[in-house]
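# What the coordinates show
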Amino acid sequence: MTTGLGVRTRGLVHIYRAEGHDVAALSGVDLTVAPGEIVGLLGPSGAGKSTLLTLFGGLMRPSAGRVTVGDHELSTMTEAELDRFRAADVGLILQGAARNLLPYLTARQNVEFAQRSARKAGRSVPGPGEVLELVGLSDSVSAPLDSLPPGKLQLAALAVALASRPGLLLGDEPTSQLHHTSRDVVLDALHRVNEEWGTTIVVVTHDPEVAARLPRTVTIRDGRVGGEGRQGEEYAVVSADGSLPLPAVVVEDLPPGSLVRVHRVDDVWTIIPQGGGQE
Ligand SMILES: Nc1ncnc2c1ncn2[C@@H]1O[C@H](COP(=O)(O)OP(=O)(O)OP(=O)(O)O)[C@@H](O)[C@H]1O
């Protein structure tokens, strides 16, 4: 069984240097994903989810802060080390199945092609048949890709991302554009990969039904961790600097600059707006 790779970020900042202006996509993300976890990244459009995923995959370097995957501190690795990391340790599913696949090859040939860089990096890879069976695509290994329905194409994209048997699998909305039945088949496959190979999985999703099937969700808001969900329960997360991002619904009642008292009775902490509560 592959040992899943844990992910840890501290003070992660990413600024895109666009012409004429800079965009701060991430402004201090502190996040830990344990080896073998499945985590969903949620949050509004533009919050920084794809940027975070791209940094986890070693496809960009952060502007500041640290990101560690397993024993690899990505921000200080050389280009050659990053190449080997991307070839063997991490699998990435880009949004839209077609972007992950060579259309003139079969599913099996796509997996074989994807294994070439891991082999070059000196890593042993699983048989393509094993990968395709794990994702549930055994019946379509030799079919032309253009004959496959969208759900199976997405499974082929998943198989390609898993071709090197990576310790970390990253998916940018791997179930979007699928109807419910195919979406559930892809989700089942992700859970199977996690159970059988121990792969750590981080997926971006906008779909509340997908989020409900994930044991842990992390909401990214304005380039930071804005909250976490565990088994359907929502939590605010204390930042490394001691600040606590309040859920959006609370901010409607307590706009920026509001004064609150933080009050403790036994193990219950209460936030009391200025002038409210009992003295
Ligand atoms: N290549 C880029 N150049 C400049 N700005 C960028 C670039 N990519 C993303 N951004 C900006 O960075 C911020 C975060 O973008 P990102 O794509 O990470 O958010 P997201 O949460 O994944 O959004 P979505 O859910 O819409 O995919 C946004 O303001 C976006 O416009």
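An unreviewed UniProt entry lists the protein under the name ATP-binding cassette domain-containing protein, with Knoellia koreensis as the source organism.

### Some points on the pattern of salt bridges
The full count for this structure, using the stated rule, is 15 salt bridges. Arg86 is the partner of Asp83 in a salt bridge, and the nearest nitrogen-oxygen pair spans 2.6 Å. Of this pair, Asp83 and Arg86 both sit in helix H2 (residues 79–88), 3 residues apart, which is roughly one turn of that helix. The exposure class assigned to Arg86 is partly exposed, which follows from its relative accessible area of 25%. Between Asp184 and Arg183 there is a salt bridge, with its nearest N and O atoms 3.4 Å apart. Taking the relative accessible area as the measure of exposure, Arg183 reaches 5% and is therefore buried.

### Here's the deal with the site of the ligand
Close contacts around the ligand come from Tyr16, Val23, Ala25, Pro44, Ser45, Gly46, Ala47, Gly48, Lys49, Ser50, Thr51 and His206, and that covers them all. The backbone of Gly48 places a nitrogen or oxygen atom 2.9 Å from an oxygen atom of the ligand. In the environment of the ligand, an oxygen atom lies 3.3 Å from a nitrogen or oxygen atom belonging to the side chain of His206. Considering the ligand on its own, with 640 Å² of exposed area, one finds that the protein chains cover 61% of that surface. Of all elements in the fold, only strand E2 (21–33) and helix H1 (49–56) reach the threshold of two or more residues within the shell around the ligand. Of the residues forming the shell around the ligand, the biggest block, 3 residues, is contributed by H1. For the shell around the ligand, the per-class residue count stands at 5 nonpolar, 6 polar and 1 charged.

Definitions and cut-offs
Residues numbered from 1 in each chain as written. Predicted model: local features only at pLDDT ≥ 70, side-chain atom pairs only at ≥ 80, totals over all residues. Heavy atoms only, no water. Salt bridge = Lys/Arg side-chain N within 4 Å of Asp/Glu carboxyl O. Helix = DSSP H or I, 4+ residues; strand = E, 2+ residues; numbered from the N terminus. Buried < 20%, exposed > 50% of the residue type's maximum accessible area, 1.4 Å probe, protein only. Near = heavy atom within 4 Å. Polar contact = N/O pair within 3.5 Å; in protein donor to acceptor, adjacent residues only side chain to side chain. Areas by Shrake-Rupley, 256 points an atom, 1.4 Å probe, with all protein chains shown as cover. Nonpolar A, V, L, I, M, F, W, Y, C, P; charged D, E, K, R; others polar.

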